[in-house]
Amino acid sequence: MKGLLLIGLFLIGCSDNFEPAPDCNDCGLELYASNLQIESDGSYKLEYNQDLTQTYTMLDATTDCGWSQHLQWETDYPDPVEGLAAGEMDPRHRKLVEKIEAQRAQNPEFQTMHFASADTPEECVLLHSLAFNGVQLGFECMLEPYQSWYQSSNLLPMYKYYLELLKMLQWRRPGDRWLLKAPAHMWGLDSLIRVMPDACILWGHRDPLQVIPSISSLTAMAAKMFAGHIPAMEKDKLGPLVMEFYARSLERGIATRSKIAPKHFFDYRFKDFVGKPLTLISDAYDFFKLPLDDELKNCFSNYIEQHPKGKHGNHRYTFETFGLTEAIILERFDFYYQHPVYSHYL
């Protein structure tokens, strides 16, 4: 059995039937991108990460068709409550609802960048952090000494523990496939494939000129929310830090991918996802030989209609706000713009 999982700039999957293979048999999904529009005043209107989250939750809308996913409330508090009857309201859920409501009241702007609720799927990095590794908040991984330690660490132990957590989460909610997401998977593709050998990766390509400023905006807000003022991450210094982190992750992802069988990867242009999402999803299902019936197509269509762009608001920023220019980004990502294969997707 196979499934789909989206990672950073890609989508990945595998089955969640763990019985046949002791090493692993589960999967996941994640799409990383933003919708960037240039305004007449030279600023940018940002709907950050909503396309990523929408892709994930759009596929999650088909849970009845066999997907399993970890929701934010159980990702934050994965340990099951002892003695809880099947169907009984879990107290962990209310705890996270209250936490998110407090964060939303304190930082309403964050919802325009990255909408979340207790009942929406959440990134795998929250589970990774339970192994004392990974990219949890999205900014600590850019600061020394953690940055150097993380980028040189062996991620296989983290992925093995992550697999055990997924097994625990599916204990009472089994499904045919896992639906997962996290841009940080790009750092550990080799470890991910080792523990999830039937993973299918849908790799979305998008111009770094659009991606890096938007990620900088989200990172600035996350750092403010969770750590307050960090001198090394003041806005005019933040852009280069973010750019370098994601450039390295892309370099590692491309290098690692070259050692993994091509059957695991399906490439696509982000603009195709924006312009014709149903066609793209159909092509991905065909590539990975996954069944896509009319009921499933209707699930996707209904989600797209009910979740238009900008539903949770928009956010504006400029390159200069984060110490960036087009020339700086073009130079750092020259390896991507000039790549003999992937440049054709930009």
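Above: the structure in question.
Residues numbered from 1 in each chain as written. Predicted model: local features only at pLDDT ≥ 70, side-chain atom pairs only at ≥ 80, totals over all residues. Heavy atoms only, no water.

**Overview of helix H3 (residues 91–106)**
And step 1. Along its 16 residues, H3 runs 23 Å from first to last C-alpha, staying within 8% of the 22 Å computed at 1.5 Å per residue.
And step 2. When H3 is considered as a whole, its buried residues turn out to be Arg92, His93, Leu96, Val97 and Ile100. End-on, the buried residues of H3 take up no more than an arc of 135 degrees, which puts them together on one face. Seen from the open side of H3, the exposed residues pointing more than 90 degrees away from its buried face are Ala105 and Gln106.
And step 3. Those residues of H3 that are buried are in contact with helix H2 (72–76). (Helix = DSSP H or I, 4+ residues; strand = E, 2+ residues; numbered from the N terminus. Expected span 1.5 Å × (residues − 1). Buried < 20%, exposed > 50% of the residue type's maximum accessible area, 1.4 Å probe, protein only. Arc of directions from axis to C-beta. Contact = heavy atoms within 4.5 Å.)

**Regarding the pattern of salt bridges**
And step 1. Enumeration according to the criterion identifies eight salt bridges in this entry.
And step 2. Linking lysine 167 and glutamate 164 is a salt bridge whose minimum nitrogen-to-oxygen distance equals 3.3 Å. With lysine 167 and glutamate 164 both in helix H7 (residues 156–169), this residue pair falls three residues apart, about one helical turn.
And step 3. The exposure class assigned to glutamate 164 is partly exposed, which follows from its relative accessible area of 43%.
And step 4. Here arginine 332 ties to glutamate 244 by a salt bridge, and the two come within 2.8 Å at their closest N and O atoms. Of this pair, arginine 332 sits in helix H14 (residues 326–332) while glutamate 244 is found in helix H10 (residues 235–257), placing the two residues 88 residues apart along the sequence.
And step 5. Of the residues examined, arginine 332 reaches a relative accessible area of 19% and is grouped as buried. (Salt bridge = Lys/Arg side-chain N within 4 Å of Asp/Glu carboxyl O.)

**So, the packing of helix H12 (residues 277–287) against helix H13 (residues 294–306)**
And step 1. Closest axis-to-axis distance for the H12/H13 pair is 10 Å, and the angle between their directions is 145 degrees. Crossing handedness for the pair H12 and H13: right-handed. Touching Pro277, Leu278, Ile281 and Tyr285 of H12 are Leu296, Lys297, Phe300, Ser301 and Ile304, all from H13.
And step 2. Partitioning the contact of H12 with H13 into residue classes produces seven nonpolar, one polar and one charged. (Axes fitted to C-alpha atoms, helices over the stretch in contact; angles between N-to-C directions. Left-handed = near helix turned anticlockwise from the far one by under 90°. Nonpolar A, V, L, I, M, F, W, Y, C, P; charged D, E, K, R; others polar.)

**Focus: unusual backbone geometry**
And step 1. Put simply, glutamate 144 and proline 145 share a cis peptide bond, and its omega is 5 degrees.
And step 2. Within the secondary structure, proline 145 sits in the loop between helix H5 (125–128) and helix H6 (146–152).
And step 3. The residue phenylalanine 132 is not glycine, and still its phi comes out positive at about 60 degrees.
And step 4. Mapped onto the fold, phenylalanine 132 is located in the loop between H5 and H6.

**A closer look at the nonpolar core**
And step 1. Within the largest apolar cluster, 58 residues are counted, with the highest numbers of intra-cluster contacts made by Tyr162, Met196, Ile329 and Phe333.
And step 2. What phenylalanine 333 contacts, discounting residues up to four positions off in sequence, is Pro208, Ile212, Met243, Tyr246, Ala247 and Leu250.
And step 3. Among the nonpolar cores identified, the runner-up in size contains 14 residues, and Leu202, Leu290, Leu296 and Phe300 belong to it. (Core = buried A, V, L, I, M, F, W, Y, C linked by side-chain atoms within 4.5 Å.)

**Observations regarding the pairing of strand E10 (residues 265–269)**
And step 1. With four of its five residues buried, E10 lies for the most part within the structure.
And step 2. Across five bridges, the pairing between strand E9 (residues 201–205) and E10 is parallel. What sits directly across from glycine 204, in E10, is tyrosine 268. (Pairing = 2+ DSSP bridges.)

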